[in-house]
Amino acid sequence: MAGGFPQGGDGGARTADGRDGGGIRTLPFPVGRSVCGVGMQIAPMDPDRTWRADAPLDRVHRIDFHVVMLLDGGPLRHMIDFTEYEATAGDVLWIRPGQVHRFSRDAEYRGTVLTMQPGFLPRATVEATGLYRYDRPPLMRPGPAQLTALRAAAEQLRREYEDTVTLPLSLHTAVLRHALTAFLLRLAHLAAGSERAPRPPEDSAFTLFREAVERDFATNHSVSAYADALGYSRRTLARVVRAATGRTPKAFIDRRVILEAKRLLAHTDLPTARVGAAVGFPDAANFSKFFQQHTDTAPAAFRAEHR
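Scoring rules and cut-offs
- Residues numbered from 1 in each chain as written.
- Predicted model: local features only at pLDDT ≥ 70, side-chain atom pairs only at ≥ 80, totals over all residues.
- Heavy atoms only, no water.
- Helix = DSSP H or I, 4+ residues; strand = E, 2+ residues; numbered from the N terminus.
- Buried < 20%, exposed > 50% of the residue type's maximum accessible area, 1.4 Å probe, protein only.
- Areas by Shrake-Rupley, 256 points an atom, 1.4 Å probe, with all protein chains shown as cover.
- Phe/Tyr/Trp six-rings, centres within 6.5 Å; stacked < 30°, edge-to-face > 60°.
- Lys NZ or Arg CZ within 6 Å of the ring centre and 35° of its normal.
- Pairing = 2+ DSSP bridges.
- Salt bridge = Lys/Arg side-chain N within 4 Å of Asp/Glu carboxyl O.
- Arc of directions from axis to C-beta.
- Contact = heavy atoms within 4.5 Å.
- Polar contact = N/O pair within 3.5 Å; in protein donor to acceptor, adjacent residues only side chain to side chain.
- Core = buried A, V, L, I, M, F, W, Y, C linked by side-chain atoms within 4.5 Å.

**Q** I keep staring at the overall build of the protein chain and nothing clicks. Help me out?
**A** Helix and strand counts for the protein chain stand at ten helices and ten strands. Expressed as a percentage of its 307 residues, the buried residues of the protein chain come to 48%. Here the protein chain has roughly 14,400 Å² of accessible surface; of this, 52% comes from carbon and sulfur atoms.

**Q** In this structure, what is going on with the packing of aromatic side chains? I would like to understand it.
**A** Centre-to-centre distance and the angle between the planes together describe a pair of aromatic rings. Counting across every chain of the model gives eleven aromatic pairs. For the pair Phe209 and Tyr226, a centre-to-centre distance of 5.8 Å together with 80 degrees between the ring planes defines the contact as edge-to-face. One end of the pair, Phe209, is in helix α4 (residues 204-216); the other, Tyr226, is in helix α5 (residues 223-230), with 17 residues separating them in the sequence. Tyr226 sits in the buried class, given a relative accessible area of 2%. Between Phe281 and Phe290 the ring centres are 4.8 Å apart and the planes differ by 35 degrees, which places this aromatic pair in the tilted class. Members of the aromatic cluster, connected to one another through ring pairs, are Phe82, Phe281, Phe287, Phe290, Phe291 and Phe302. Sitting above the plane of the Phe120 ring, Arg177 keeps its charged end 4.7 Å from the centroid.

**Q** Would you take a moment to explain the sheet that holds strand β4 (residues 66-71) for this structure?
**A** By way of backbone hydrogen bonds, the strands of a sheet pair with one another, either parallel or antiparallel. Spatial strand order, β2-β9-β4-β7-β10: five strands in an open sheet with antiparallel pairing. Looking along the sheet, the strands with just one partner apiece sit at the ends: β2 (40-45) and β10 (139-140). Sheet topology note: the β2/strand β9 (residues 111-116) ladder contains six bridges and is antiparallel. Across the sheet, the residue bridging to Gln41 is Thr115, located in β9.

**Q** Sorry, what's going on with the pattern of salt bridges here?
**A** A pair can form between side chains of opposite charge whenever their charged atoms are brought close. Applying the stated criterion across every chain yields a total of 18 salt bridges. A salt bridge links Lys250 to Asp254, with the nearest nitrogen and oxygen atoms 2.7 Å apart. Linking Lys250 with Asp254, this pair stays in helix α7 (residues 249-267), spanning four residues, or about one helical turn. What makes Lys250 partly exposed here is its relative accessible area of 36%. Counted as one network, the salt bridges with shared partners bring together Arg62, Asp81, Glu214, Arg256, Glu260 and Arg263.

**Q** Help me out: how do you make sense of α5 in this one?
**A** Where α5 is concerned, the buried positions are Val223, Tyr226 and Ala227. Seen end-on, α5 carries its buried residues on one side only, within an arc spanning 100 degrees. For α5, the exposed residues set more than 90 degrees away from the buried face come down to Asp228 and Ala229. Packed against the buried residues of α5 are α4, α6 (234-245) and α7. At the N-terminal boundary of α5, the capping side chain belongs to Ser222, with an oxygen 3.4 Å from the backbone nitrogen of Ser224. Of the residues trailing α5, Gly231 is marked for its positive phi of about 80 degrees.

**Q** Would you take a moment to explain the side chain of His66 for this structure?
**A** The residue His66 is located in strand β4 in this model. A distance of 3.3 Å separates a polar atom in the side chain of His66 from a polar atom in the side chain of Trp94.

**Q** Can you help me understand the nonpolar core in this one?
**A** Looking at soluble globular proteins, one finds that nonpolar side chains tend to be buried together. In terms of nonpolar packing, the biggest core is built from 31 residues, with Phe209, Tyr226 and Leu237 touching the most fellow members. At the level of secondary structure, the elements contributing two or more residues to this core comprise α4, α5, α6, α7 and α9 (284-295). For this core, the leading source of residues is α7, giving eight residues. The contacts of Leu237, once residues within four sequence positions are left out, are Phe209, Val223, Tyr226, Ala227 and Pro249. Counting 29 residues, the second largest nonpolar core, distinct from the first, contains Phe120, Ala154, Leu176 and Leu187.

**Q** For this particular structure, what's the right way to read the pairing of β4?
**A** Most of β4 sits out of view: six of its six residues are buried. Going residue by residue along β4, you find His66, Val68 and Leu70 tucked away on one face and Val67, Met69 and Leu71 tucked away on the opposite face as well. Where β4 meets β9, six bridges bridge the pair, whose relative direction is antiparallel. Residue pairing for β9: His66 is matched across the bridge by Met116. One ladder, built from four bridges, connects β4 with strand β7 (residues 92-95); its direction is antiparallel. Residue Met69 lies in a different strand from β7, and its bridge partner there is Leu93.

**Q** Please explain the environment of Leu131 as it appears in this structure.
**A** For Leu131, the location among the structural elements is in the loop between α1 (123-129) and β10. Expressed as a C-alpha distance, the spacing of Leu131 and Leu121, which sit ten residues apart in the sequence, is 9.9 Å. Setting aside residues up to four positions removed in sequence, Leu131 forms contacts with His66, Trp94, Arg96, Met116, Leu121, Val126 and Leu184.

Structure (structure tokens):
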């Protein structure tokens, strides 16, 4: 087993064992282990480098940062939000903040791993590279030319990351951001090509909506409330959300609520009523009705199926 991954302590509003309010362990970005304390890390993966001693690889957990694995080994299976992805040498896995994932117990993860803290790149770069396009597939299979270019970009980024003597810290960080942007733009182009259907580029209005939903979905399911808070009409919000996702704003919100409910049902022992309360349904009967309407499965049945 493997992973040249950083180790880090628990942080944020979590319990002593690093669990968030929903009961799924969340691993924070370990800033203290970055070279010069910058908001990214890039390192080799090999069997001698562990994820962290107190977080077994085959246990489900969240991360609050980006992980990109450029694989040189395999085959392996990696679970990300209820889907088992089969990857091998030359493939790329991109795990985004908040996603629940699990490493394969017996596979060796070899290659290069990039981790990046949210906020390290400016908003314009975030939008251009689709950092939070959760609709894009985590598994990508670049062609030979794309893989060569990705590996070269990753190697250039690694050299810049490890070079702490030729530039002052401010310039070192600026150069890192440029090199990281170049790598991520290539990755974003690959990810866009991996989608089943092309999607239009993100709009800043949709970006704001998506961020608001991610922050407030557990307490706010109202399209009107989001539109008012963001200063848009419901018609404008509907247009930009449909352009970016093909869905209505309400469907986008409901999809996020259902995903979180599935995560909590499958990966925690919280009673169904508490799962409902955690995603904005203080009444257990209303939560069960909502969940069954969107999944054709009762919460208890879904939990039993994924245990």
